[in-house]
Amino acid sequence: MADEFAKGFTIFISAGLAWMTLAGWYNTPSFEGTQLLAPNPTSGLTVYTQVGLVVKEAMLWFAILGFLTFVVVIPIARKARDAYVGAPEIPE
C-alpha cells in the first residue's frame, strides 16, 4: 500500500507544482490582488496563452484525480478483489 501512496503523492506534488507555476504566470495580475485563483485572462490571448491555460486546468484535475486514484480507488479495488476471492488479509 505504501507504493500506491508514494505514486499518488508524487503525482499530486508534481502536477500541483505545474499548476501553481502556470497559475502564477497567468492568474496573478498584481501582488497586491488575488493570486493564483484570479479569473483567467480574457483579452490579448495568444495561442501559447490558450495552450497554457488548458494545460493549467489539466494539471489541476490530474493532481486531484491521480492522487485519489492511487490513494483511494486502487487500494479499495485490491481489498474488494481479495475479499471476493477469499484470500486471507495476512498471508500465511
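Residues numbered from 1 in each chain as written. Predicted model: local features only at pLDDT ≥ 70, side-chain atom pairs only at ≥ 80, totals over all residues. Heavy atoms only, no water.

- Naming follows an unreviewed UniProt entry, where the chain appears as DUF7314 domain-containing protein of Halosegnis longus.

**Here we look at the pattern of salt bridges**
Between side chains of opposite charge, pairing is possible as soon as their charged atoms come close.
Logical step 1: Per the stated rule, a full pass over the model turns up two salt bridges.
Logical step 2: Between Arg 78 and Glu 4 there is a salt bridge, with the nearest N and O atoms lying 2.2 Å from each other. Linking Arg 78 in helix α2 (residues 47–85) with Glu 4 in helix α1 (residues 2–26), this pair joins segments that are 74 residues apart in sequence. (Salt bridge = Lys/Arg side-chain N within 4 Å of Asp/Glu carboxyl O. Helix = DSSP H or I, 4+ residues; strand = E, 2+ residues; numbered from the N terminus.)

**A short note on the environment of Thr 69**
Logical step 1: Mapped onto the elements of the fold, Thr 69 is located in helix α2.
Logical step 2: According to the relative accessible area criterion, Thr 69 is partly exposed, its value standing at 32%.
Logical step 3: Discounting residues that sit within four places of it in the chain, Thr 69 has contacts with Ile 74 and Pro 75.
Logical step 4: Of note is the side chain of Thr 69, whose polar atom sits 2.6 Å from the backbone oxygen of Leu 65. (Buried < 20%, exposed > 50% of the residue type's maximum accessible area, 1.4 Å probe, protein only. Contact = heavy atoms within 4.5 Å. Polar contact = N/O pair within 3.5 Å; in protein donor to acceptor, adjacent residues only side chain to side chain.)

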